[in-house]
Amino acid sequence: MTQPITHDGARNALMALRAEIAKVVVGQDAVVSGLVIALLCRGHVLLEGVPGVAKTLLVRTLAAALQLDFKRVQFTPDLMPGDVTGSLIYDARTAEFKFRPGPVFTNLMLADEINRTPPKTQAALLEAMEERQVSVDGQPRPLPDPFIVAATQNPIEYEGTYQLPEAQLDRFLLKLNVSLPPRDQEIAILDRHARGFDPRDLSAVTPVAGPAELAAGREAVRQVLVADEVLGYIVDIVGATRHSSALQLGVSPRGATALLSTARTWAWLSGRGYVTPDDVKAMARPTLRHRVALRPEAELEGANADGVIDGILAAVPVPR
């Protein structure tokens, strides 16, 4: 009989992901942590970085280390909703239409260059992200559990792209910036390739956790305590974004609940059964940066979302 997975066992297994993914991807520990937090919160992740910083490789490796089904979709201007969600196919043998599931029916879907596809396809993906189901011919079809979308976008390419609407951005739990590696890490990357490393070969990755550990982790996160003072601190931070002179759009109540979820998960991964203000601060940037919009004059002055959030964190009183 299989022994139930303890909360400590689930945490240890998920924390071991960093070492396992490091066999393939150099650095990016913060991005790995963000993806694990999203899986525990049942949320979606937007990965932003210039081409060639291993965004796709990172998500593929994570899926292999967690024994999750993985599919990748290259988003293009001619991508249709049925190419993502699936469609009805006529079967001449039975003279009936049968549903052929699309790539969204998976555990971890990589939406590569998500901002290159038109609004109609974005809308179809939005139902899958929010409702965790796909409606075809009026019939809802539930998606597997766990299910998250890890979407990538390039920050420097504007031709042939569609700006993601605020409603869709708000559905992403986290926005993680995948940065260029420092010099020593880039030397390590070149050294691996010089010794024959093949990024298409993930045979070196050993599964260290799976859906059972994720389920146990979710249950543990739900038991993490949050004091009233910390709840008030989150509300004060979110409220400050709505009154900031640098922002034309502040954080919605959905963003406040997202910050609560990510702070609780970060606290549990850190080995604590309660949330501290430092946990809230640690998750404020990735949870809120895509939920605010700068005023044009603030952008002209060189402001960015992270800087505004840092200023708000410095100004809002911290509960004792």
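Since we're looking at a predicted model, the values are computed, not measured.

> Tell me what's going on with the sheet that holds strand S9 (residues 172–177), and back it up with residues and numbers.
Strands sit in the order S2-S5-S8-S1-S9 across an open sheet of 5 strands; the sheet is parallel. Single-partner strands in this sheet number two, and they are strand S2 (70–74) and S9. When the angles between neighbouring strand axes are averaged without regard to direction, this sheet yields 20 degrees. Note: S2 against strand S5 (residues 108–112), 5 bridges, orientation parallel. Across the sheet, the residue bridging to Lys-71 is Met-109, located in S5.

> Explain the packing of aromatic side chains to me, and be specific about the residues and the numbers.
Considering all chains together, one arrives at 1 aromatic pair under this definition. Between the aromatic rings of Phe-99 and Phe-105, the centroid separation amounts to 5.7 Å while the plane-to-plane angle is 70 degrees, which identifies the pairing as edge-to-face. A residue is classified by how much of its surface remains accessible, and Phe-105, at 16% relative accessible area, is buried. Against the face of Phe-99 rests Arg-141, its NZ or CZ located 4.1 Å from the ring centre. For the cation-ring pair, Arg-272 lies above Tyr-274, with the distance from its terminal atom to the ring centre recorded as 5.8 Å.

> Could you give an account of the pairing of strand S8 (residues 148–153), with specific residues and numbers?
The element S8 is extensively covered by neighbouring structure, given that 6 of its 6 residues are classed as buried. Taking every second residue as pointing to the same face, both faces of S8 are buried, with Ile-148, Ala-150 and Thr-152 on one and Val-149, Ala-151 and Gln-153 on the other. Two strands pair when backbone bridges link them, and strand S1 (residues 44–48) and S8 are joined in this way by 4 bridges, in the parallel orientation. Residue pairing in the sheet places Val-45 in a bridge with Ala-150 of S8. Note: S5 against S8, 4 bridges, orientation parallel. Paired with Ala-111 across the two strands is Ala-151, which belongs to S8.

About the cut-offs
- Residues numbered from 1 in each chain as written.
- Predicted model: local features only at pLDDT ≥ 70, side-chain atom pairs only at ≥ 80, totals over all residues.
- Heavy atoms only, no water.
- Pairing = 2+ DSSP bridges.
- Helix = DSSP H or I, 4+ residues; strand = E, 2+ residues; numbered from the N terminus.
- Axes fitted to C-alpha atoms, helices over the stretch in contact; angles between N-to-C directions.
- Phe/Tyr/Trp six-rings, centres within 6.5 Å; stacked < 30°, edge-to-face > 60°.
- Buried < 20%, exposed > 50% of the residue type's maximum accessible area, 1.4 Å probe, protein only.
- Lys NZ or Arg CZ within 6 Å of the ring centre and 35° of its normal.

Any functional reading would require information beyond the geometric quantities listed.
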